[in-house]
Amino acid sequence: MDLHFLGGATTVTGSQFLLETGRARVLVDCGMFQGSPNEAMRNRVPFGFDPATLDTLLLTHAHLDHCGLIPHIVNNGYRGPIVATRGTAELAELVLLDSGKLQQEFAKREARWERKHPDEAVADDRKEQGQYEAAIDMAEGRITPDAAHADAADAAPDRDMEADLRRQPPEVLIDLDEPLYTADEAKVAIAQFETIEYDEEREVAPGVHATYLDAGHILGSAIIRLRVEAGDRAAGDPERETTIVFSGDLGRPGSPIIRDPSILRDTDYLLVESTYGGREHEPEDEAIRILAETVQMVSDAGGVLLVPSFAIGRTQEIVYALDRLLDAKRIPELPLYLDSPMASKASDIYRRHAEYFDEDAREILLAGDTPLDYPNQTITRDVEQSKAIERAPRPYMIVASNGMLTGGRVLGHLRNLIGDPSATILFVGYQGEGTLGAHLQAGAKVVKLDGQPRDVRCQVRSISGFSAHADESELLEWLGHFAEGKEPGAAGFPKTVFLVHGDPEAQIAIEPKVQALGFSTKIPHWREKVALG
């Protein structure tokens, strides 16, 4: 039995794990790499397997870094089921259609730019080719991730690109600006979804039984437990069972709207996220206090509050928190512009699935209130309405996608506000390495926007308490349940805990603390294959 770490290995994004048992090939997640151009280029690297040979694809949740390459794998021959909860299936449809549309729009913009700037286009294509070659080298184990980043063209301007292009086999020279898939191709992939209920066990491939448990991350998110029959009874092999748990992205106990993560106590192998290794979130009360203080500050200054937010999960939590603060008369009723069509559609899906809500949110619904709506909110439907927000009377608030400032309508607002001392940018989620959001959050005084340097004169604040990811203490508490009442080597005590979905610094910080709980740990690298006993 082999486990291939094809994504989410020493990086937060690109979740993808292949389990091979001799009887079945099961893929858990098929996500996009996100963040810096070097990370995103990994999406172009050919899959580490033949998609047509897979028996099934199991999806933990609908964020792009877990589902974003599903249409790409279907384009490359996968014809089997994509198993997910109903909430995840509906949200993933929204995410994948939007992703295909955005890729097509980007390709058109890039083609127009290349026609107008032919000389710069040649240099840009060579730079991208260097990034692609470095990603190929890293996938095949010839260089480390650090070396790949240093080897990419944007980190090595003196690189002899002409020599590299001559060295590289001709078939690898591909159009790196073409979309990985279109919206129409996303529709084809969506037709392959099959839904599963929480706590239902289903045989998803020969000898592989999957159970989905609530991960408490976003609506429909799941921890996936696989019970694998390693022996082939038909061939007379002795029957052996191995249990593997994939945490997916774990939510925080006590987070609003959805239920807490499920507690598990037994497994043979465990893959656990480590996004916030070495870091602690503010307590919920402190996060709410900072939010209220920031809204009041913007109101007093007659300014604008811009909240870059992920459309699914985070936007709903922010609106919920603002609505609760307003009810408690802790903030003035500033106008709120929700400038994300995807977030609006995601909120509709949340409303349809109140069965996933926690007790507090259900009680608000039963009382006739609307926990996913703010009284003085305006939902923008098109780009012209988005642009018109700039002319609205101040003070006001904007929640716009996306959360890391790597694209979307939020960039239009940032252009208008980055030089405005009365404006405040409030980060409420994880900022990937190398992203514009990460640079601003780190205190940069000058950043590049649209390729041009811009002075940062707006206020920049961050709240970690709204994170949909468990922090270090919460991860360790969740992990500790696997050790309760057991010693290493006992049945149900994990033989290995694999730390995934984390940047190297986070994984190095949390690993000794996981080991202190008695677990044997491993931090797998990208494309590594591990034999399970």
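Here is a short report on the structure shown in this document. (Residues numbered from 1 in each chain as written. Predicted model: local features only at pLDDT ≥ 70, side-chain atom pairs only at ≥ 80, totals over all residues. Heavy atoms only, no water.)

Residues of helix 14 (residues 410-417) that are buried: Val410, Leu411, His413, Leu414 and Leu417. On an axial view of helix 14, the arc spanned by its buried residues comes to 155°, and they lie on one face. (Buried < 20%, exposed > 50% of the residue type's maximum accessible area, 1.4 Å probe, protein only. Helix = DSSP H or I, 4+ residues; strand = E, 2+ residues; numbered from the N terminus. Arc of directions from axis to C-beta.)

Next up on the list: the side chain of Thr21. Assignment of secondary structure puts Thr21 in the loop between strand 2 (16-20) and strand 3 (25-28). Here the side chain of Thr21 touches Arg23 through a polar contact of 3.1 Å, landing on its backbone nitrogen. At 2.9 Å, the side chain of Thr21 and the backbone nitrogen of Ala24 are in polar contact. Non-local contacts of Thr21, meaning those with residues more than four positions away in its chain, are made with Met1, Val208 and Val228. (Polar contact = N/O pair within 3.5 Å; in protein donor to acceptor, adjacent residues only side chain to side chain. Contact = heavy atoms within 4.5 Å.)

Taken together, the side chains of Lys108, Arg109, Arg112, Arg115 and Lys116 make up a positively charged region of the molecular surface. Position of Arg109 relative to the elements: it lies in helix 4 (residues 86-116). (Patch = residues over 30% accessible without salt bridge, like charges linked within 9 Å, V, L, I, M, F, W, Y side chains within 5 Å. Areas by Shrake-Rupley, 256 points an atom, 1.4 Å probe, with all protein chains shown as cover. Salt bridge = Lys/Arg side-chain N within 4 Å of Asp/Glu carboxyl O. Lys, Arg positive; Asp, Glu negative; His and termini not counted. Charge placed at Lys NZ, Arg CZ, Asp CG, Glu CD.)

Taken as a whole, this structure holds 31 salt bridges when the rule is applied. With a closest N to O distance of 2.6 Å, Arg324 and Asp323 form a salt bridge. The partly exposed category is assigned to Arg324, whose relative accessible area is 25%. On the accessibility criterion, Asp323 (4% relative accessible area) is buried. We note a salt bridge from Asp369 to Arg324, for which the minimum N-O separation is 3.1 Å. Within this pair, whereas Asp369 is found in the loop between helix 12 (359-366) and strand 14 (377-379), its partner Arg324 is found in helix 10 (residues 314-327), the two being separated by 45 residues in sequence. Judged by its relative accessible area of 29%, Asp369 falls in the partly exposed class. A single salt-bridge network, built from bridges that share partners, covers Arg23, Glu201, Arg227, Glu229 and Glu241.

Now for the packing of aromatic side chains. The geometry of an aromatic ring pair comes down to the distance between the two centres and the angle between the two planes. Enumeration over the complete set of coordinates arrives at nine aromatic pairs. For the pair Phe17 and Phe246, a centre-to-centre distance of 6.1 Å together with 40° between the ring planes defines the contact as tilted. Of this pair, Phe17 sits in strand 2 while Phe246 sits in strand 10 (residues 241-246); the two residues are 229 residues apart in sequence, bridging distant segments of the chain. The buried category is assigned to Phe17, whose relative accessible area is 3%. The class for Phe246 is buried, based on a relative accessible area of 2%. One Lys or Arg, Arg42, reaches over the ring of Trp526 and ends 4.6 Å from the middle of that ring. One residue, Arg324, lies across the ring of Tyr320, its end atom 5.8 Å from the ring centre. (Phe/Tyr/Trp six-rings, centres within 6.5 Å; stacked < 30°, edge-to-face > 60°. Lys NZ or Arg CZ within 6 Å of the ring centre and 35° of its normal.)

So, about the sheet that holds strand 8 (residues 208-214). Overall, mixed pairing links the seven strands, which are arranged 7-8-9-10-11-20-21 in an open sheet. Across the chains shown, the open sheet's two edge strands, defined by having one partner strand only, are strand 7 (201-205) and strand 21 (521-522). The pairing of strand 11 (residues 269-273) with strand 20 (residues 496-500) spans five bridges and is parallel. Bridge pairing links Glu273 to Val500 in strand 20. Across the sheet, helix 16 (residues 472-480) lies against strand 9 (222-229), strand 11 and strand 20, angled at about 165° from strand 11, the strand it touches most. Its contacts with the sheet place helix 17 (residues 504-516) against strand 20 and strand 21, and it is angled at close to 160° to strand 20. (Pairing = 2+ DSSP bridges. Axes fitted to C-alpha atoms, helices over the stretch in contact; angles between N-to-C directions.)

Membership of the largest hydrophobic core comes to 77 residues, with the highest contact counts inside it found for Leu58, Ile70, Ile73 and Tyr350. The residues touching Leu58, leaving out its near neighbours within four places in the chain, are Val26, Leu27, Val28, Asp29, Val83, Val204, Ala210, Tyr212, Ile224 and Leu226. By size, the runner-up hydrophobic cluster in this structure holds 26 residues, among which are Val298, Leu336, Val428 and Ile463. (Core = buried A, V, L, I, M, F, W, Y, C linked by side-chain atoms within 4.5 Å.)

Further remarks concern empty space enclosed by the protein. Under the counting rule described, the total for this entry stands at three cavities of 30 Å³ or more. Taken as a whole, the largest cavity holds about 80 Å³ of empty space. Contributing to the lining of the largest cavity are Leu6, Gln16, Phe33, Arg42, Asn43, Val45, Pro46, Phe47, Gly48, Leu69, Trp526 and Arg527. (1 Å grid on protein atoms, 1.4 Å probe; cavity = no way out; pocket = protein on both sides within 12 Å on 5 of 7 lines; lining within 4 Å. Points joined across faces, edges and corners; volume = space filled by probe spheres on them.)

Bringing the environment of Pro335 into the picture now. Looking at the element boundaries, Pro335 is found in the loop between helix 10 and strand 13 (336-339). Given a relative accessible area of 25%, Pro335 falls into the partly exposed group. Excluding anything up to four places from it in sequence, Pro335 contacts Asn376, Pro395, Tyr396 and Met397.

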